[in-house]
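Chains, contacts and geometry: an overview
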Amino acid sequence: MNTVNRTRKQNYRADYFKSGSVFGALSEPAIQFMINEGKILSYEKGEFIFEFGEKVSSFFIIIEGEVDFYKQHNEAIYHTRTVSFGEALGFVSMIALHDRVGSAKAKTDCVLLEVNNDLFNQFHDQYAFDFGILILNLARDMARAVRHVSNALVEKETILDTTRIN
């Protein structure tokens with residue numbers, strides 16, 4: 001993991017992010033604030049972004065590349081999704097105030113925006129309207145992830161009696 005230098009960071013403009021699900025409908029000044037104040041990190045393919053059980057003080061938004069998320073429960077580990085441009089990673093653990101419930105690993109070389117608790121709070125204070133939109137976007141992102149995981153669960157289950165639900 002490397003921190004992206006200021007020169008490369010300045011190449012990221014707000015209009016580039018507007019098509020990403022987390023940034024959708026946010027104002028350009030709000031997006032630029034997150035880029036300028038957040039930490040932009042680059043990871044090489046195969047590098048871990050975070051691992052199961054780690055303490056949580058931030059979440060990530062994918063700027064470039066793809067990241068695989070592996071959910072861990074008891075001794076089982078399951079690949080639940082691949083996260084790509086404009087999607088959030090690790091927000092659920094941060095907002096739920098628990099340790100990481102899985103591991104995130106760079107599927108490709110990637111660049112991520114880290115949003116720590118302090119930046120999240122500053123964003124709320126300085127861009128209240130955009131903060132509401134951000135929360136809605138993050139909730140939509142979580143809903144898509146829940147739908148994806150529940151669809152995978154249904155595909156693995158066998159329904160014995162298709163005439164009724166018990």
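Report follows, based on the coordinates.

1. Things to note about the overall build of the protein
Check the secondary structure of the protein and you find 6 helices and 9 strands. Taken over C-alpha atoms, the radius of gyration comes to 17 Å for the protein, in line with the 15 Å a tight globule of 166 residues would show. The dimensions of the protein, computed from C-alpha atoms along their principal axes, are 60 × 35 × 25 Å. A buried classification covers 39% of the 166 residues belonging to the protein.

2. Observations regarding the sheet that holds strand β4 (residues 58–64)
Sheet strands pair by backbone hydrogen bonding; their relative direction is either parallel or antiparallel. Pairing is antiparallel in the open sheet, where 5 strands are placed in the order β1-β2-β9-β4-β7. Because the sheet does not close on itself, it has two edges, and the strands there are β1 (2–3) and β7 (88–89). Bridging between β4 and β7 involves 2 bridges; their strand directions are antiparallel. Bridge pairing in β7 links Ile-61 to Ala-88. Seen against the sheet, helix α5 (residues 117–126) touches β4 and β9 (110–116) and runs at an angle of roughly 70 degrees to β9.

3. Considerations on the pairing of strand β8 (residues 102–106)
Working note: regular strand, side chains alternate between the two faces of the sheet. The buried fraction of β8 is high, at 4 of 5 residues. Two strands pair when backbone bridges link them, and strand β3 (residues 48–50) and β8 are joined in this way by 2 bridges, in the antiparallel orientation. Following the sheet pairing, Phe-50 is matched in β8 by Ala-104.

4. Observations concerning the pairing of strand β5 (residues 67–73)
In this structure, β5 lies alongside strand β6 (residues 76–83), joined through 7 bridges in antiparallel fashion. The residue bridging Asp-68 from the neighbouring strand is Thr-82, located in β6. Judged from the 5 bridges that link them, β5 and β8 form a sheet pairing that is antiparallel. Bridge pairing in β8 places Asp-68 opposite Lys-105.

5. A closer look at the nonpolar core
Core analysis: the biggest nonpolar cluster contains 29 residues, and Phe-59 and Phe-120 have the highest contact counts within it. When contributions to this core are tallied by element, the ones reaching two or more residues are α2 (14–17), α3 (28–37), β4, α4 (91–96), β9, α5 and α6 (128–156). Per-element accounting of this core gives the leading share, 5 residues, to α3. Ignoring sequence-local partners within four residues, the contact set of Phe-59 consists of Ala-88, Leu-89, Gly-90, Phe-91, Met-94, Leu-113, Glu-114, Val-115, Phe-120 and Leu-138. Tyr-43, Phe-60, Cys-110 and Leu-112 belong to the second largest nonpolar core, which has 14 residues in total.

The rules behind the values
- Residues numbered from 1 in each chain as written.
- Predicted model: local features only at pLDDT ≥ 70, side-chain atom pairs only at ≥ 80, totals over all residues.
- Heavy atoms only, no water.
- Helix = DSSP H or I, 4+ residues; strand = E, 2+ residues; numbered from the N terminus.
- Rg over C-alpha atoms; globule rule 2.2 N^0.38 Å.
- Buried < 20%, exposed > 50% of the residue type's maximum accessible area, 1.4 Å probe, protein only.
- Pairing = 2+ DSSP bridges.
- Contact = heavy atoms within 4.5 Å.
- Axes fitted to C-alpha atoms, helices over the stretch in contact; angles between N-to-C directions.
- Core = buried A, V, L, I, M, F, W, Y, C linked by side-chain atoms within 4.5 Å.

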